[in-house]
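As a plain string of letters, each chain reads:
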Amino acid sequence: MRTRKAALVGALCVGLSAALTACGSGATDPDAGTNGVGKLDAAKIQDKAREAARGADAVHLSGNVVSQGRTYKIDMRLKKNGGTGQLSTGATAFELLRVGDELYLKAPAAFWSQGSGGGAAGGKLEKKYVKVPSGDPSYQQFKGFTDKDVLLDGLLGLHGKLTRGDHGTVAGVRTIRVTGGNGSGGTLDVSLTGTPYPVRVQRAGGAGQLELGDWGQDFALSVPDKGATVDYGKKIPTGADPSSGKP
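Quick caveat, the model's predicted, so the values are computed rather than measured. (Residues numbered from 1 in each chain as written. Predicted model: local features only at pLDDT ≥ 70, side-chain atom pairs only at ≥ 80, totals over all residues. Heavy atoms only, no water.)

Peer 1: What am I meant to see in the overall build of the protein chain here?
Peer 2: Looking only at helices and strands, the protein chain has 6 helices and 12 strands in total. Expressed as a percentage of contacts within the protein chain between residues at least 6 apart in sequence, the contacts between residues at least 24 apart total 55%. As presented, the protein chain carries roughly 12700 Å² of accessible surface, and 52% of it is formed by carbon and sulfur atoms. (Helix = DSSP H or I, 4+ residues; strand = E, 2+ residues; numbered from the N terminus. Contact = heavy atoms within 4.5 Å. Areas by Shrake-Rupley, 256 points an atom, 1.4 Å probe, with all protein chains shown as cover.)

Peer 1: Help me understand the packing of aromatic side chains, please; the structure alone is not making it clear to me.
Peer 2: With the rule as written, the count across this model stands at 3 aromatic pairs. Between Phe-94 and Phe-142, the ring centres sit 5.6 Å apart and the planes meet at 70 degrees, which makes this aromatic pair edge-to-face. In this pair, Phe-94 is assigned in strand E4 (residues 92-99) and Phe-142 in helix H5 (residues 139-144), connecting sequence segments 48 residues apart. Owing to a relative accessible area of 1%, Phe-94 belongs among the buried residues under this scheme. An angle of 5 degrees between the planes, with centres 4.8 Å apart, marks the rings of Tyr-197 and Trp-215 as stacked. (Phe/Tyr/Trp six-rings, centres within 6.5 Å; stacked < 30°, edge-to-face > 60°. Buried < 20%, exposed > 50% of the residue type's maximum accessible area, 1.4 Å probe, protein only.)

Peer 1: What's the story with the sheet that holds strand E8 (residues 173-180) in this structure? I'm lost.
Peer 2: The pairing of strands in a sheet comes from backbone hydrogen bonds and takes either a parallel or an antiparallel form. Strand order in the open sheet formed by 12 strands is E7-E8-E9-E10-E11-E1-E2-E3-E4-E5-E6-E12, with mixed pairing between adjacent strands. Strands at the two margins of the open sheet, each flanked by one partner only, are strand E7 (162-170) and strand E12 (229-231). Taking the axes of each pair of neighbouring strands and ignoring which way they run, one obtains an average angle of 20 degrees across the sheet. Sheet analysis places E4 next to strand E5 (residues 102-106), joined by 5 bridges and oriented antiparallel. Each bridged residue has a counterpart across the sheet, and for Leu-97 the counterpart in E5 is Tyr-104. Lying over the sheet, helix H2 (residues 42-55) contacts E7, E8, strand E9 (187-191) and strand E10 (198-202), oriented at roughly 55 degrees with respect to E7. (Pairing = 2+ DSSP bridges. Axes fitted to C-alpha atoms, helices over the stretch in contact; angles between N-to-C directions.)

Peer 1: Got a minute to help me understand the pairing of E7 in this structure?
Peer 2: Working note: regular strand, side chains alternate between the two faces of the sheet. Two strands pair when backbone bridges link them, and E7 and E8 are joined in this way by 7 bridges, in the antiparallel orientation. Its bridge partner lying in E8, Val-170 is registered against Val-173. Following E7, the chain reverses through 2 residues before pairing antiparallel with E8; Ala-171 in that reversal takes a positive phi of roughly 55 degrees.

Peer 1: How should the nonpolar core be read in this particular structure?
Peer 2: In this structure, Leu-61, Phe-94, Leu-96 and Leu-152 are the most contacted members of the largest nonpolar core, which totals 44 residues. Beyond its immediate chain neighbours, meaning those up to four positions away, Leu-61 contacts Ile-74, Asp-75, Met-76, Leu-78, Leu-151, Leu-152, Leu-155, Leu-210, Glu-211 and Leu-212. The next biggest cluster of nonpolar side chains, apart from the first, holds 7 residues, and it includes Ala-58, Val-99, Tyr-104 and Tyr-129. (Core = buried A, V, L, I, M, F, W, Y, C linked by side-chain atoms within 4.5 Å.)

Peer 1: Where do I start with helix H6 (residues 148-156) in this structure?
Peer 2: Each α-helix turn comprises 3.6 residues. Residues three or four places apart therefore point the same way. All of the buried residues in H6 are Lys-148, Leu-151, Leu-152, Leu-155 and Leu-156. Looking down the long axis of H6, one finds its buried residues gathered within 110 degrees of arc, a one-sided arrangement. (Arc of directions from axis to C-beta.)

Peer 1: Is there a simple way to explain the environment of Val-132 in this structure?
Peer 2: Position of Val-132 among the secondary structure elements: in strand E6 (residues 129-132). For Val-132, a relative accessible area of 3% gives the class buried. Counting along the chain gives 27 residues from Val-132 to Leu-105, while the straight-line C-alpha distance between them is 6.9 Å. Apart from residues lying up to four places away in sequence, Val-132 is in contact with Leu-103, Leu-105, Ser-138, Tyr-139 and Ile-236.

Peer 1: Can you help me understand unusual backbone geometry in this one?
Peer 2: As a rule of thumb, non-glycine residues mostly have phi less than zero, and peptide bonds are mostly trans rather than cis. Of note in the backbone geometry, Asn-182 takes a positive phi value of approximately 55 degrees without being a glycine. Following the sequence through the fold, Asn-182 ends up in the loop between E8 and E9. Here the phi dihedral of Asp-214 falls at roughly 50 degrees; this positive angle occurs in a residue that is not glycine. Examined against the element boundaries, Asp-214 turns out to sit in the loop between strand E11 (208-213) and E12.

Peer 1: Please explain the environment of Gly-168 as it appears in this structure.
Peer 2: Its place among the elements puts Gly-168 in strand E7. In the structure, Gly-168 is positioned 22 residues away from Val-190 in sequence and 9.7 Å away in space, judged by C-alpha atoms.

The structure is reproduced here in structure tokens:
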């Protein structure tokens, strides 16, 4: 009888231990209830994130970017045919709007007054959408801030050997981190909920950090009224040329 009772107790203990182990492993599994991306290797996680980003119709980016030695604070909404939002560099903030190939810049008078020939134009251009001609030196640089695919392809490409990092959260979203070059090549946090969108990127070499959200959420995008625009022809005032060392 004692032997039978001991065997029964032993069986119960084994069963209870197995049950607790199973429950414990489910509770501690960081990928439980996720989209499964966190279990992939680092290169595949990055590929999934870039694929998701390219396939999205729209995105909201906010943070800072270092471009050609200048630091820009950026808050842009982008989609396939253009984008709208605000950039700031130093003490100057300005708005960008692109619809198709038509690019507009809206800035305070101080912005336009910098550089030769800009002073007279400052007051006239304040609160106006100034059309940036495609041949102007600043066109391609400003356009790059409004081009979803170009901007994201540049941001989401990590450098160096990729490694899978820690699980975490960004703005309340469960994430898995991918790191390039032991941190020197940038980091990418990818959503573990739903579509594996990138939700935060830290650029290599301290070239800025951006958070990405509102994936696929459409927004209004249209050319401004003629009364609110100014067309300067082939070249806008030099105060707006980033290559001149001014905003």
